[in-house]
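Observations on chain architecture
So the chains spell out like this:
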Amino acid sequence: MADSRTASKTSKATKPQRRTGVREAAAQATRDSILKSATKVFAKYGYDGGSVEKISKAAKSYDRMIYYYFGSKEGLFIAVLEGIYQRMDDAEAAIALDASRPVEALTEVIRFVLGYYRKNPEFVTLLNTENLHKGRHISKSLRAREYSSRAVAIIAEILASGSAQGLFRKDLVARDIYLLIASTGYFYTSNRHTLTAFLGEPLESPEAITHWENFVIETLLRTVRADDITEQDNTPPHDEDTTKWQKSQPAQSRARSSSRT
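Structure report, in brief. (Residues numbered from 1 in each chain as written. Predicted model: local features only at pLDDT ≥ 70, side-chain atom pairs only at ≥ 80, totals over all residues. Heavy atoms only, no water.)

Looking at the packing of aromatic side chains
Under the counting rule described, the total for this entry stands at 11 aromatic pairs. Here the aromatic rings of Tyr47 and Phe77 are separated by 4.9 Å at their centres, their planes lie at 55°, and the arrangement is tilted. Taken together, the residues span a long stretch of sequence, with Tyr47 in helix H1 (residues 2–49) and Phe77 in helix H4 (residues 73–93) at a distance of 30 residues. When its relative accessible area of 0% is taken as the criterion, Phe77 is described as buried. (Phe/Tyr/Trp six-rings, centres within 6.5 Å; stacked < 30°, edge-to-face > 60°. Helix = DSSP H or I, 4+ residues; strand = E, 2+ residues; numbered from the N terminus. Buried < 20%, exposed > 50% of the residue type's maximum accessible area, 1.4 Å probe, protein only.)

Quick look at the structure:
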């Protein structure tokens, strides 16, 4: 009898824990659904146009759940911004980099950043929205700086290795290189539609993307290169790629490009 009663008590004691676990999983699923839907809605309508009603409808939830989990619309938007930064940070951390091979490592970082912006247009759109608001929401985040600090730390390690091997300049600042890489990827992606019309060149074509990526890599490597390293030759590494890219352009686009030179 004693064993039976003990087993019964044990069973009763564990049941609430199982129910609590189910509730927690359901709550997390609801929160994740709201966050995912909010990311899409804010990317499509901006902060002002992305109403709580639109988000709750997209998440198949209720307005009150947004306030319950995030406190306010602004709290939800901050969580969305933190989420997109964290996903990029996680993706960057997953890259297999060998700092002892600094040229290759820096090249991989550049390829990753440019590729990430291109493959995640919502990331760029949301950053555009927040910049229109002068960063007033993300400035309230306690986590945002964590993500940028890791990216800068990775670049700092690569630069230190390159400097120690006599390959890179010793006066480089990791933050500057980070900003240079980010700007080349961000600007190209965020302005690709208007630049395509303005330049008369298809900037989203595979050839144009490859050309830009190679040009950025060459530019960055020339920037960080130690002064005492002489040039191998006078031909830019991307010269052959440029020819292929120009051949792929429509005749009218090539005429407009050549008329400026």
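Looking at the packing of H4 against helix H5 (residues 102–119)
The geometry of H4 relative to H5 is characterised by a closest axis approach of 11 Å and an angle of 145° between their N-to-C directions. Two packed elements cross with a definite hand, and for H4 against H5 that hand is right-handed. Touching Ile84, Arg87, Met88, Ala91 and Glu92 of H4 are Val109, Phe112, Val113 and Tyr116, all from H5. When grouped by side-chain class, the residues that make up the contact of H4 with H5 number seven nonpolar, no polar and two charged. (Axes fitted to C-alpha atoms, helices over the stretch in contact; angles between N-to-C directions. Left-handed = near helix turned anticlockwise from the far one by under 90°. Contact = heavy atoms within 4.5 Å. Nonpolar A, V, L, I, M, F, W, Y, C, P; charged D, E, K, R; others polar.)

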